[in-house]
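# Structure at a glance
Chain by chain, the residues run as shown.
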Amino acid sequence: MLIPFSRLYLSDANVRKTRSEEDDIQLSADIEARGLLQNLLVTKSKKRGKFAVIAGGRRLRAIEMIVARGAWAPDAEIECKLLEGSEEEAGEASLAENFQRVGMSPAEECRAFQHFIKEGSDVAAVAKRFGLTQRFVEGRLRLANLAEPIFEALAKGDVTLEIAKAYAATDQHEVQLRVFEQMRYAYNPSADAIRRMVASGSMRGNDPIALLIGEDAYVAAGGKIERDLFSEASDDRWIDIEIAHRLAAEKMEAEAQRIAAETGLAWISPVASTNSWQARSEMGVNAVRLPPTPLSEEARARIDAIDARMEEISEIIDEGEEGGDTDFGQLEAEYEELDAERSDLNNPVRELPEEWRSEAGRFLVLTTRGEMVLEADYYSEKRLSFETDENGKVTATAEEPVPGSTKRGSAAPSRPEAVAPGTEKPISARLFDELSVQRRNILSASLLTDAGLALDFAIFALADSRSYESRGTSIKGGRPSDPATGELSQSTAEGILAEAENALDTAWQEHGCAAQRFIAFRELADEAKAAWLAYAVAISLEAKKGYGSEYHPIHAVIGSMLDIDVAAMWRPTAENFFDRVSKTSCLAALTEVGGSDLAARYAASKKADLAKTCETIFAGKAIVEQDVKEAALAWLPEGMKFTIAANPADPVIPDTDEGDPVADVDDGDDGNAGGEADELLNDHQPEVACEEAAVAA
């Protein structure tokens, strides 16, 4: 049947309570372009000549937008289906209509948009046709151009929409498929990790690995190179990084075996990187600290000669003039070479005693020029300690590693973080404190240049609050100390928080140390990090200020910004409110929603009965007038609202059975009482002004 729009309104029985302004605008544009494709489901209203919409609330709001902008007349006839039955049946029909609806999958949207583009429409026309933004349509069209196996996985639900978007970060199908093959069997792959693999799916021609294996060997093994004929070789992009890594591993493994046989060490571990930090951490090996080697007479004489020459070069550079015969560039190069030689002479590497070679190993790494070099330090699964006695003889002790732990036993002292040059003795505590502050300041200044890393670390510090291990920052998360309230009845909010906690990606928490947890945390997708941030901040909120009856004013500001519907998440009951306030307060609440007539109906009731009656009325379960019911369902005590009070510093004190606090307040007739009150109000004005400015912002 056709019903004028002006005679329709949204029924309370409509189960869909959430709404999105952006989605409603898109639907409005679609209905205006193509008309209403699905009827509204309505029932006759108690209001004469009106019809309540029990299914189709979004469509009703969209039509209201069309009418508001003048595209349709207010009395435009809307196709509706009339449903006869009780209020319970209407609610059941609304639930079924919303619950059984199945929208198009992202893959179906991609194909639909692609079809209209092939038919001659442009992106703007498709967007208008479906009431969507052009950005949304362009994103789906990009997904439609995914490599076929990835698109099929999206259509089957084997990969999520976010994962598919990560693969679409490049339009090169070869790169997409290569990363897809690498990640399709990975455990819980993240979109962020895939996006970075797609972006870094190649290496430059001047990468240490590329310099190590050489272009000829790479191409001979089937590797491909993308290059610009007018660019340098360092700008070449080596596409098949698996081939490059395989060739580098083979070359470095052969060299490691040769060195191990030559030196007699327990192992030589090749690492295709310029440092071995990650490999050392994964292997859990301990650095072998050898005592310093005494300087020989030859070394001392050479150091003296170097010092004399470096001083001579410094004087020539300081006093020399440009334009002469002196080659200052050559002098500076000589100075740098002498300085490096002097450093090597001052830090001679002591060889590991022969009897301990079978207990230790070294890491083979790459220089920035692609050369294979051994790192100077030795490492061992055992904790090897070496000391030099008075006669210069080196003695050693070995501590077996504790299974499942990388920490030393309580009887063994831990090694100092910093030692004085040429000795194993730690530097003074004062010097270490000074160095630590300066080192921290350097890190802080450098962190300013990477806001993304700083944000990740801040979220990690908040999210990792369950661990008592120091995380190197004063940022802390965790739950605040709530006032002692005993057992509270559960509301919708507690269920939402529990669901949010269960949905968090906690795989990164499996690592033992904070450093490894942070590395794993950075691998999470942005959405997962955002979820952790929201949850960590959400559970950090304090219930009230200190020990008094005061709320935090900033909570009211945040609540106002969020436009929270408290009534949808919490309703007053006899247990949580009405039994706890006076009979006068209960009747006052009834007066607010239904006037003095409603309060008068229950004025003679006993307090316990009145509390139960209030619970029924404010839950919307009582037989009352429709407008009273709506007001009762929206009613909240002042202590549960997030409105900005005239003076938010003043506590909201409910009227309790223990007495009426209003009656105990002096009316100010004793002279200066009113003046003192004015002073207190004036003291709070800056806080009010700050709060009002925040809300305005």
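The preceding data block contains the structure.
None of these values were measured; they are calculated from a predicted model.

Cut-offs applied
- Residues numbered from 1 in each chain as written.
- Predicted model: local features only at pLDDT ≥ 70, side-chain atom pairs only at ≥ 80, totals over all residues.
- Heavy atoms only, no water.
- Pairing = 2+ DSSP bridges.
- Helix = DSSP H or I, 4+ residues; strand = E, 2+ residues; numbered from the N terminus.
- Axes fitted to C-alpha atoms, helices over the stretch in contact; angles between N-to-C directions.
- Contact = heavy atoms within 4.5 Å.
- Core = buried A, V, L, I, M, F, W, Y, C linked by side-chain atoms within 4.5 Å.
- Buried < 20%, exposed > 50% of the residue type's maximum accessible area, 1.4 Å probe, protein only.
- Patch = residues over 30% accessible without salt bridge, like charges linked within 9 Å, V, L, I, M, F, W, Y side chains within 5 Å.
- Areas by Shrake-Rupley, 256 points an atom, 1.4 Å probe, with all protein chains shown as cover.
- Salt bridge = Lys/Arg side-chain N within 4 Å of Asp/Glu carboxyl O.
- Lys, Arg positive; Asp, Glu negative; His and termini not counted.
- Charge placed at Lys NZ, Arg CZ, Asp CG, Glu CD.
- Parallel < 35°, antiparallel > 145°, perpendicular 65-115°, else oblique.
- Nonpolar A, V, L, I, M, F, W, Y, C, P; charged D, E, K, R; others polar.

## A look at the sheet that holds strand β2 (residues 8–10)
The mixed open sheet is built from five strands, whose spatial order is β1-β5-β3-β4-β2. The open sheet is flanked by β1 (2–4) and β2, the only strands paired with a single partner. Neighbour to neighbour, the strand axes of the sheet diverge by 55 degrees on average, direction disregarded. The pairing of β2 with strand β4 (residues 51–55) spans three bridges and is classified as parallel. By the bridge assignment, L8 is partnered in β4 with F51. Docked against the sheet, helix α2 (residues 57–68) engages β2, β3 (40–44), β4 and β5 (77–82), running at close to 125 degrees with respect to β2.

## Concerning the nonpolar core
One finds M203, I213, V288, L352, Y378 and F386 to be the most contacted residues of the largest nonpolar core, which totals 27 residues. By residue number, the principal contributor to this core is helix α13 (residues 241–263), which donates eight residues. Of all hydrophobic cores here, the second largest spans 22 residues; its members include A144, Y167, V179 and M183.

## Some thoughts on helix α22 (residues 553–562)
Residues P553, H555, A556, V557 and G559 constitute the buried set of α22. With its phi angle positive at about 55 degrees, D563 sits one or two positions after the end of α22.

## A look at a negative patch on the surface
On the surface, a cluster of negative charge is made up of E311, E315, D318 and E319. Within the secondary structure, E315 sits in helix α15 (residues 297–319). Residue E315 is classed as partly exposed on the basis of its relative accessible area of 42%.

## So, the packing of helix α4 (residues 106–118) against helix α6 (residues 134–144)
Closest axis-to-axis distance for the α4/α6 pair is 8 Å, and the angle between their directions is 100 degrees. As summarised for this structure, α4 and α6 are arranged roughly perpendicular, according to the angle between their axes. On α6, the residues touching P106, E109, C110, R111, F113, Q114 and I117 of α4 are F136, V137, R140, L141, L143 and A144. When its residues are assigned to classes, the contact of α4 with α6 shows nine nonpolar, one polar and three charged.

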